[in-house]
Structures are given as C-alpha cells and as structure tokens.
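Structural overview
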Amino acid sequence: MKTQAKYNQILDALQELLENRDIQAISVSEIAQKAGIGKGSIYYYFPSKSAILDALVERNYEKPLQTAKNLAKQMEVSPFTRMAMLFQACRNSSSEFLRLGNTAAETESAEASESSYETAFLHQKYLQHLITELKPALSEIIRQGIDSGVINFDYPDALAEIVLIVLSVKMANILLPSTPQEIDTTIRGLISLLEKGTDNPPGSLDFLTVL
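This one's a predicted model, so the numbers in the text were calculated from it and none came from an experiment. (Residues numbered from 1 in each chain as written. Predicted model: local features only at pLDDT ≥ 70, side-chain atom pairs only at ≥ 80, totals over all residues. Heavy atoms only, no water.)

Here we come to the pattern of salt bridges. Proximity of charged atoms lets side chains of opposite charge pair with each other. In total, this model carries 5 salt bridges according to the counting rule given. In this structure, the salt-bridge partner of Glu161 is Lys135, at a minimum N-O distance of 2.7 Å. Note that Glu161 is positioned in helix α8 (residues 156-172) and Lys135 in helix α7 (residues 112-148), a separation of 26 residues in sequence. By relative accessible area, Lys135 is classed as partly exposed at 24%. (Salt bridge = Lys/Arg side-chain N within 4 Å of Asp/Glu carboxyl O. Helix = DSSP H or I, 4+ residues; strand = E, 2+ residues; numbered from the N terminus. Buried < 20%, exposed > 50% of the residue type's maximum accessible area, 1.4 Å probe, protein only.)

Let's shift gears to the packing of α8 against helix α9 (residues 180-197). Axis separation between α8 and α9 bottoms out at 10 Å; the angle between their running directions is 170°. Judged by the inter-axis angle, α8 sits roughly antiparallel to α9. Judged by residue contacts, Leu159, Val163, Val166, Leu167 and Lys170 of α8 engage Ile183, Thr186, Ile187, Leu190 and Leu194 from α9. In the contact of α8 with α9, the residues fall into 8 nonpolar, 1 polar and 1 charged. (Axes fitted to C-alpha atoms, helices over the stretch in contact; angles between N-to-C directions. Parallel < 35°, antiparallel > 145°, perpendicular 65-115°, else oblique. Contact = heavy atoms within 4.5 Å. Nonpolar A, V, L, I, M, F, W, Y, C, P; charged D, E, K, R; others polar.)

Time to look at the packing of aromatic side chains. For the structure on display, the rule yields 3 aromatic pairs. Ring geometry for Tyr44 versus Tyr45: centroids 5.5 Å apart, planes at 85°, classification edge-to-face. A relative accessible area of 43% places Tyr44 in the partly exposed class. Ring geometry for Phe153 and Tyr155: centres 6.3 Å apart, planes at 80°, overall edge-to-face. Look at Phe153 and you get partly exposed, because its relative accessible area is 23%. (Phe/Tyr/Trp six-rings, centres within 6.5 Å; stacked < 30°, edge-to-face > 60°.)

Take the confidence of the model for the protein next. Considering every residue of the protein, the mean pLDDT works out to 81; 83% of them sit at 70 or more. Predicted confidence in the protein is weakest over helix α6 (residues 79-107), with a mean pLDDT of 67, and strongest over helix α2 (residues 28-35), with 94. Under a pLDDT of 50 for its full length, residues 107-113 has, in the predicted model, 6 contacts with residues more than four places off or in other chains. (pLDDT = per-residue confidence, 0-100.)

What follows is the structure in structure tokens.
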C-alpha cells in the first residue's frame, strides 16, 4: 500500500543527494539506500528517476504555485493586481529553483562543465513545470480582465504564455545570464508591451514590476 510518508522519504533522499551530486550521477539504488527502503519500493511509487525529479520539482514549488492558482478565484481583486501577485509568486518559485539548482554546482566547482549541464537540466524541468502550472491561472485572470473591460486583447492564452516565458527565463537567470539592471530593463520592457497590447496608458502598469 502506497503511503505519503514513504513517498516523501524518496523525495527527501533525492533532494539530499542533489546537495552534493549531479542528477546524472545519482542512481535509483542510491536514492533507495538514502531513503532507507528497497529499490523495488522506489518503482512502486515512481516509474523512473526522472519521475522522482519531476515530483521533487513539483513539491518544492507547490506553495507559491498554489498561491498563484488561487488568485484566479479572487474576483473582488482587480485583474492587474492579481497579475502582480502572480508575478511575485513566479519570482518566489524562481528563487526556490535557484537554491535547488545551484547547490550541486557550488559543491562541485572542479567539474564546471558538468555542473553547468546539471543546472540547465534542472532549469528545463523548472520551466516546464512553472509555465504548465501557471498558464491556466494567468489566462483566466486575463480573460476576466477582458470580460470586465479593463483589458483589450484577443489572445489571452498566448499572452499568458509569453509573459510567463519572459518572467521565468529572466528571473531564473540561467539561459541568458544578465545583470540585475538588465533583468529590470527586460521586465520593464515586458510591462510596456503589456500596456500597449492591452490598451492601457504608459506607466499605468508600473506596479507590476517585481524586481
């Protein structure tokens, strides 16, 4: 019988191993040993090592992402205020990714190329999870803004995806490393595009800046 406690044991074991090792160098047997369970029990909960990592990514970002999802239901709050709150949740999630993704790189500086690959691998997992989880919530907020007349835009799903890609890539700061000033400029450029694309006057959405 599957139990939540053993499920979390497996995730805790992988997270602890990731503090000193690259994911590619960690075997399912090592995860089982660290978790104090048999290797066969691992496959009872997860079909592969990749699935364990996916679950770990999901668990680490669960709180900020759930906060973001709940925003879509708060109709009494203006759409743009909820977007700002969602952007904040995105930043919190990115901070958690950086903490997890950089630990192994810091402890294995002698193998810089492998650490770089490891961080990129985790970053891909992070981006996929973040955008997949937040896109429906942001799309719904945009639709509500369209319905209420404060947003004028024909493609809410596309707008949500564009915003999330820019935010997640710049905030994680892995694919295109930038200075804080460069990141700030990109975010302000995104906000300017949002103002123009949604027929809002220049400067009206400056409060969306989260960096």
